[in-house]
Amino acid sequence: MHPADFYTGIVADLYGPLRRFAPDPDPCEEFVRQVGGPGLELGCGDGDPLIELVRRGVQVEGVDSSADMVRRCRERAAAAGVEVVVHHQRMEELALPRRYGAVFLAGPTFTLLADDAAALAALRGVRASGAGRAGAGPVVRARAHAAGVDRSGA
């Protein structure tokens with residue numbers, strides 16, 4: 001089973017009620033506003049913090065590998081009266097219709113990638129998305145370093 005296929009059916013339905021914490025939208029908002037948008041949240045799941053960021057007026061979209069999680073995100077956004085743009089794609093196969101100034105992960109989603117080849121493909125996809133800056137915490141930095149990815153921005 002591909003890790004992207006795990007968040008389907010009952011797992012997707014119970015994800016929100018059973019999770020231990022919701023990502024804090026404040027650092028994500030600060031990052032997108034500092035770097036410049038539009039922003040892209042990788043692995044946006046059922047919409048935290050994406051929905052709150054859009055509600056605050058931050059220009060940000062989301063992408064997730066699970067069709068069920070994308071559906072839940074759209075449903076939650078509609079219930080909150082917020083219109084979100086969410087793409088259904090795997091992080092390691094990014095091919096989105098626009099470019100982004102800031103690409104970020106609000107949680108540990110990057111650790112779900114199956115291996116270093118998938119991690120490298122995801123990092124290359126982020127770079128190809130036009131990200132002026134990417135903010136993803138120590139997990140992405142460590143995997144990028146291990147894979148020999150140049151993060152200097154050059």
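Refer to the structure above for everything that follows.
Reference entry: report on the structure contained in this document. Everything numeric here is computed off the predicted structure, so don't read it as measured data. (Residues numbered from 1 in each chain as written. Predicted model: local features only at pLDDT ≥ 70, side-chain atom pairs only at ≥ 80, totals over all residues. Heavy atoms only, no water.)

1. Comments concerning the overall build of the chain
Here is step 1: Per the secondary structure count, the chain includes 6 helices and 5 strands.
Here is step 2: Helices (α) and strands (β) of the chain occur, in sequence order from the N terminus, as α-α-β-α-β-α-β-β-α-β-α.
Here is step 3: In the chain, which comprises 154 residues, the share counted as buried stands at 42%.
Here is step 4: Here the contacts in the chain between residues at least 6 apart in sequence split such that 69% fall between residues at least 24 apart.
Here is step 5: Summed over all atoms, the accessible surface of the chain reaches about 8100 Å², with 52% contributed by carbon and sulfur. (Helix = DSSP H or I, 4+ residues; strand = E, 2+ residues; numbered from the N terminus. Buried < 20%, exposed > 50% of the residue type's maximum accessible area, 1.4 Å probe, protein only. Contact = heavy atoms within 4.5 Å. Areas by Shrake-Rupley, 256 points an atom, 1.4 Å probe, with all protein chains shown as cover.)

2. A closer look at the nonpolar core
Here is step 1: Among the nonpolar cores identified, the biggest contains 18 residues, and L50, V60, V84, V86 and F104 are the most heavily contacted of them.
Here is step 2: Of all the elements in the fold, those that place two or more residues in this core are α2 (25-35), α3 (50-55), α4 (67-79) and β4 (102-105).
Here is step 3: Each residue touching V84, except ones within four places of it in the same chain, is listed here: L50, I51, V54, C73 and A77.
Here is step 4: The next biggest cluster of nonpolar side chains, apart from the first, holds 16 residues, and it includes Y100, F110, L113 and L123. (Core = buried A, V, L, I, M, F, W, Y, C linked by side-chain atoms within 4.5 Å.)

3. Quick look at the pattern of salt bridges
Here is step 1: In total, this model carries 10 salt bridges according to the counting rule given.
Here is step 2: With a shortest N-O distance of 2.5 Å, E52 and R55 are connected by a salt bridge. Here R55 and E52 lie together in helix α3, a separation of 3 residues that amounts to about one turn.
Here is step 3: Residue R55 is classed as exposed on the basis of its relative accessible area, which comes to 52%. (Salt bridge = Lys/Arg side-chain N within 4 Å of Asp/Glu carboxyl O.)

4. Overview of the state of the cysteines
Note: disulfide means a covalent bond formed between the sulfur atoms of two cysteine side chains.
Here is step 1: Considering all chains together, one arrives at 0 disulfides under this definition.
Here is step 2: C44 supplies the cysteine sulfur nearest to C73, a cysteine that is in no disulfide, at a spacing of 4.7 Å.
Here is step 3: Taking relative accessible area as the criterion, C73 reaches 0% and is therefore assigned buried. (Disulfide = S-S within 2.5 Å.)

5. Here's the deal with helix α5 (residues 116-128)
Here is step 1: Relative to the 18 Å expected for 13 residues at 1.5 Å per residue, α5 spans 18 Å between its end C-alpha atoms, a close match to the ideal helical length.
Here is step 2: By the burial criterion, the buried members of α5 are A118, A119, L120, A122, L123, G125 and V126.
Here is step 3: The N-cap of α5, judged by a side-chain oxygen 3.1 Å from the amide nitrogen of A117 a few residues on, is D115.
Here is step 4: Phi turns positive, to about 90°, at G130, one or two residues after α5. (Expected span 1.5 Å × (residues − 1). Polar contact = N/O pair within 3.5 Å; in protein donor to acceptor, adjacent residues only side chain to side chain.)

6. Considering unusual backbone geometry
Here is step 1: P38 follows G37 through a cis peptide bond whose omega is 0°.
Here is step 2: Mapped onto the fold, P38 is located in the loop between α2 and β1 (39-42).
Here is step 3: Look at the link from D48 to P49: it is a cis peptide, with omega at 5°.
Here is step 4: With respect to the helices, strands and loops of the structure, P49 is situated in the loop between β1 and α3.

7. Comments concerning α4
Here is step 1: Taking 1.5 Å per residue, 13 residues should reach 18 Å; α4 reaches 18 Å between its end C-alpha atoms and fits that length.
Here is step 2: Those residues of α4 lying buried are M69, V70, R72, C73 and A77. Angular distribution of buried residues about the axis of α4 spans 160°; they occupy a single face of the element. Away from its buried face, by an angle of more than 90 degrees, α4 presents the exposed residues A78 and A79. (Arc of directions from axis to C-beta.)

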